[in-house]
There are 2 protein chains.
Amino acid sequence: MHEKMAEAMEKAILTIKAIWKRAREYGETRRPRWPLIILRTPKGWTGPKEVEEKMIENSFRSHQVPVMIDDNHIENLGVLETWLRSYHPEELFDDDGHVLPDIKEQTPNGYRRMGANPHANGGLLLKNLRTPDFTEFGVDVKEHGHVLAQDMMELGKYVSEVVRLNENNKNFRIFGPDEALSNRLNYVFDSTNRQWECDILNTDEYLNNSGRVIDSYLSEHLCEGWLEGYLLTGRHGFFHCYEAFIRVVDSMASQHAKWLKVCNQLPWRADIASLNYILTSHIWQQDHNGFTHQDPGFLNHLITKKADITRIYLPPDANCLLSCFDHCIKSRNYINAIVASKHPSFQWLSMDEAVKHCTLGIGVWDWASNDKGEEPDIVMACCGDTPTLETLAAVSILHRNFPDLKIRTINVVDLMRLQSNSEHPHGLDDLSYDMLFTKDKPIIFNFHGYPSVIHELIHRRHNKNIHVHGYIEEGTITTPFDMRVQNHIDRYHLVMDALKYLDCLGNRGGSLYQKCLDRLVEHKEYIKDYGMDIEEVRNWKWYDIDKDEEII
Amino acid sequence: MHEKMAEAMEKAILTIKAIWKRAREYGETRRPRWPLIILRTPKGWTGPKEVEEKMIENSFRSHQVPVMIDDNHIENLGVLETWLRSYHPEELFDDDGHVLPDIKEQTPNGYRRMGANPHANGGLLLKNLRTPDFTEFGVDVKEHGHVLAQDMMELGKYVSEVVRLNENNKNFRIFGPDEALSNRLNYVFDSTNRQWECDILNTDEYLNNSGRVIDSYLSEHLCEGWLEGYLLTGRHGFFHCYEAFIRVVDSMASQHAKWLKVCNQLPWRADIASLNYILTSHIWQQDHNGFTHQDPGFLNHLITKKADITRIYLPPDANCLLSCFDHCIKSRNYINAIVASKHPSFQWLSMDEAVKHCTLGIGVWDWASNDKGEEPDIVMACCGDTPTLETLAAVSILHRNFPDLKIRTINVVDLMRLQSNSEHPHGLDDLSYDMLFTKDKPIIFNFHGYPSVIHELIHRRHNKNIHVHGYIEEGTITTPFDMRVQNHIDRYHLVMDALKYLDCLGNRGGSLYQKCLDRLVEHKEYIKDYGMDIEEVRNWKWYDIDKDEEII
């Protein structure tokens, strides 16, 4: 058998060398048929042949424990001895049990050892990714929330430049299940193509055999597996995915998290680039896909993993997305998930503001707050692009109706800031958390995903007067705003919830509460009649409430 | 094309009839080659051929929107009109837009309509499952925690009888990824076999072509898909799985939950049997598999789904497992998950006690409590077989050291009892919850899975003095007790945590606290030297603390 194997290996290696030669010397670059060795052996080969008159080797019984030996099966000791002696230990070990020198000589040394081979310990091959200055790719935001842009489209311009800068190193790839265009990475195709090894038709676009975009299979399993392999062999990349369908690889992400956790305990394991997910085409933007395309639970999944492994970012606009992505793509040994918007949406922060905000990961938006130097009456918090829009709209309604109400608006980019610093390295300490969220004022928290994520992260915090809105498994093919209404993350539900907990208003909140209820009925009637959202929502625009401006 | 299709259908139907005939009249029962029709069409067939000088039909551009029409593409209106007119609407509709009578005549009626076909609306075909009296399959428990049994092995006896009772109806199946024996359903093979359509070798066991056990593929995807199809066509069954690997089908479970939620809103959809999962070979029993086999997060996943869909049970022993399983297998329109033990373990409740306990879903175990009629000093709560064992061991340590300490021990079988009744139909109302858990006494909660599940479920409850132990992503191939130590769900960590919050002890807890620390060091030393757990743990046995018995 050893001879047969050596022969097969020899043949395979010669075939590989011949393919190389044909490619290098004669330019034959069409996809070759690489050799493949198929080794078919009996199950439990070389194990015990028969035990208790039943066939073991070459049968299902050789799985796990081929021969049971315990107090009730002591007679099997002989079978065990015969079996183990069949490997001729006397030819392998000396009388003291040490491996014989000529055997030892045959084991590989140095980088030929399996764990030390740089292709297995891929961090040894890792070259820093070359990245441009992301701030040069920013959207020009002069006023908060007045210009529209597509966050993913903007990111694509930056990614395209990353591809260009690392073209020579060939160590950066983009993985996705046939969704690079759907996920609005269009600009990436300015600098590269989809890798494609088969025939190319003249009606095809964006295909060639040296593209950096791996986009050819609608399989999240393949994308995840390829990216993991790519990272483990010392390269860089990211996986962009419809948010709901990343759940397909839950178990693969788990196993990678376990791998990273254990590697962190092994000093000889070199750092590898982080596993980066961009979750886009997300829950709040499924106009024609509906209920089946709504599952933000990958975040619930990730927060159960070790705190030194997982990082989660929910940038509210393009400039924040650029900042988060630039941070993630340079990091090591993490699993980073970024939830990003792809549809035209309001841009809140200038690049300078975005850099500050993302560096801190969480912060008060002073231009959307009017509690400066004073006790706030309420904290309006938001995390995720759509919740941010709705929270700001709710803030503007509250402010218009109760100009004296002191509102503090907080936005969260780095989700793990919410957890205690005793549990997560990004976590705020309790005093810092209380500085932001107060010890007792009502917090209306509007979240991108399942409310359970927030409940879990803040369960140790003092201020229990928090009321979380998020996805509650409602939805269908409907208008964008109706999706929010069905899950109570819309401005009217937020305002109604705020009014419930604003004791300082006494009973003055009643009429606004009723107005919100009325508006929700009008909304349902309107979308039934017109198939689009009410004007008040479609035409809504932000005004900075900290300025003495005319209220729009 | 229609003629070609009709021809292919005709040929396929004749082939099927010929196969039936050969089987029924000549007894040919070997797996036949069923006909398969492959229809290969151009992508976007019959759509626009060319738009803006680019090929659409038969190219990737026919995906989603083949021709854009909006303010900037108004010139494409002509393309749209030509395309839609190509279907000859004048031959299909009258001048008022109604379908012409001879067209209407061709549509199917009654049960031939797609949604009304009983194979599509499978609940119409559902026959009640015949089940034996599960109480007759119980383990005889005369004293709490003195007899050992394997919960899954006991359940197998009951399931075997279910197979027998429904043999004629052929409407019950057991699905698993080649793990029926590993998951200890051994007794099922007393009444049936694995279904197997290929050749059977004379060394094979438990195979035939009419078995009710579908166990032939190590693929959770296949098991889940088969079971879903089986239920949707009006049958009954369950899927048993290694707990960690059920994560492979997270996204499939999500979609089934969404399906059930929407069906509940459609009055014409008949009820179907619940999708039942048994998660066994679980996190706390991975002696030789280790870290990769540890992921209890499917419970986190399920609790994000609609409350009227999901039910989760963690029976602490065999009698409770029987009661839970019997309940689940008869239920309709739910997703039930049962976490079950397969290793020899202590049996806590007699069948009478188990029926009561499981009917309530949560309760004080009076035989493990000594607060009767008095204010408890502490609540020791547990959920899951291994946490229950460790909590009882912690209770016995606390009781031995502080006999006057009033301890209340609570066990949770039906996890959703913890959630508020405003959120889940099984949830306890706040007053009932407070009756069990008190409003302010410390609760040391020992949980089978990630602590986040408990944090989420109880986030609205009054008593915030709760300290949850559970899986914190630590583990490797080690002793059973060390797995618990690494994750702090062991008796010593529980006692230490109890001492931290037992203000009534003043500083008297200090010496026991130190003893626990010492014992944990001894444990680490011992398992390193002997490869097994310390005697105190191996030989531990329960004694009822509500009796005036000699303390063991």
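Given the structure is predicted, the values throughout are model-derived calculations rather than measurements. (Residues numbered from 1 in each chain as written. Chains lettered and ligands numbered in written order. Predicted model: local features only at pLDDT ≥ 70, side-chain atom pairs only at ≥ 80, totals over all residues. Heavy atoms only, no water.)

**A look at unusual backbone geometry**
Note: most residues except glycine have negative phi, and most peptide bonds are trans.
Residue and element names in this part refer to chain A.
Phase 1: Here the phi dihedral of Thr46 falls at roughly 70°; this positive angle occurs in a residue that is not glycine.
Phase 2: Position of Thr46 among the secondary structure elements: in the loop between helix 1 (2-26) and strand 1 (50-51).
Phase 3: Residue Thr46 is classed as partly exposed on the basis of its relative accessible area, which comes to 34%. (Helix = DSSP H or I, 4+ residues; strand = E, 2+ residues; numbered from the N terminus. Buried < 20%, exposed > 50% of the residue type's maximum accessible area, 1.4 Å probe, protein only.)

**Focus: the sheet that holds strand 13 (residues 362-364) of chain B**
Residue and element names in this part refer to chain B.
Phase 1: Strands sit in the order 13-15-14-16-17 across an open sheet of 5 strands; the sheet is mixed. This sheet does not close on itself; its edge strands, each paired only once, are strand 13 and strand 17 (466-469). Recorded for the sheet is a direction-independent mean angle of 20° between the axes of neighbouring strands.
Phase 2: In this sheet, strand 15 (residues 407-412) lies alongside strand 14 (residues 378-383) in parallel orientation, the contact comprising 5 bridges. Residue Cys382 lies in a different strand from strand 15, and its bridge partner there is Asn411. (Pairing = 2+ DSSP bridges. Axes fitted to C-alpha atoms, helices over the stretch in contact; angles between N-to-C directions.)

**What to know about the confidence of the model for chain A**
Phase 1: Taken residue by residue, chain A gives an average pLDDT of 94. The fraction at 70 or more is 99%.
Phase 2: In the predicted complex, the global pTM is 0.94; the interface-specific ipTM is 0.93. (pLDDT = per-residue confidence, 0-100.)

**Describing the packing of helix 14 (residues 491-501) of chain B against helix 15 (residues 510-530) of chain B**
Residue and element names in this part refer to chain B.
Phase 1: Relative orientation of the contacting elements helix 14 and helix 15 amounts to 155°, with a least axis distance of 9 Å. For the element pair helix 14 / helix 15, the angle class is roughly antiparallel. In this structure, the crossing between helix 14 and helix 15 has a hand that is left-handed. For the pair helix 14 and helix 15, the contacting residues are Tyr492, His493, Val495, Met496, Leu499 and Lys500 in the first and Leu512, Tyr513, Cys516, Leu517, Arg519 and Leu520 in the second. (Parallel < 35°, antiparallel > 145°, perpendicular 65-115°, else oblique. Left-handed = near helix turned anticlockwise from the far one by under 90°. Contact = heavy atoms within 4.5 Å.)

**With respect to the interface of chain A and chain B**
Phase 1: Each side of the interface is counted separately: chain A has 40 residues, and chain B has 40 residues.
Phase 2: Taking both sides of the interface into account, the surface hidden between chain A and chain B amounts to around 3500 Å²; carbon and sulfur atoms contribute 50%.
Phase 3: It is Thr203(A), Lys258(A) and Thr304(A) in chain A that bury the most area against chain B; as a group they hold 16% of the surface buried on that side.
Phase 4: Note that Lys305(B) is salt-bridged to Asp295(A), the shortest N-O span being 3.4 Å.
Phase 5: Applying the counting rule to chain A against chain B returns 34 residue pairs in polar contact (both at pLDDT 80 or more).
Phase 6: If you list the elements that add at least two residues to the side of chain A that touches chain B, you get strand 2 (54-55), helix 6 (250-263), helix 7 (298-303) and helix 12 (451-457) of chain A.
Phase 7: When the residues that make up the side of chain A that touches chain B are grouped by side-chain class, the tally is 9 nonpolar, 16 polar and 15 charged. (Buried area = accessible area lost by both parts, 1.4 Å probe. Salt bridge = Lys/Arg side-chain N within 4 Å of Asp/Glu carboxyl O. Polar contact = N/O pair within 3.5 Å; in protein donor to acceptor, adjacent residues only side chain to side chain. Nonpolar A, V, L, I, M, F, W, Y, C, P; charged D, E, K, R; others polar.)

**Looking at the sheet that holds strand 15 (residues 407-412) of chain A**
Residue and element names in this part refer to chain A.
Phase 1: Pairing within the open sheet is mixed, and its 5 strands lie in the order 13-15-14-16-17. If you trace the sheet from one side to the other, it starts and ends with strand 13 (362-364) and strand 17 (466-469), each paired once. Ignoring which end each strand starts from, the neighbouring axes of this sheet average 20° apart.
Phase 2: Two elements, strand 16 (residues 443-447) and strand 17, share 4 bridges in a ladder whose sense is parallel. Residue Ile444 lies in a different strand from strand 17, and its bridge partner there is His467.
Phase 3: Lying on the sheet, helix 10 (residues 385-401) is in contact with strand 14 (378-383), strand 15 and strand 16; it crosses strand 14 at an angle near 155°.

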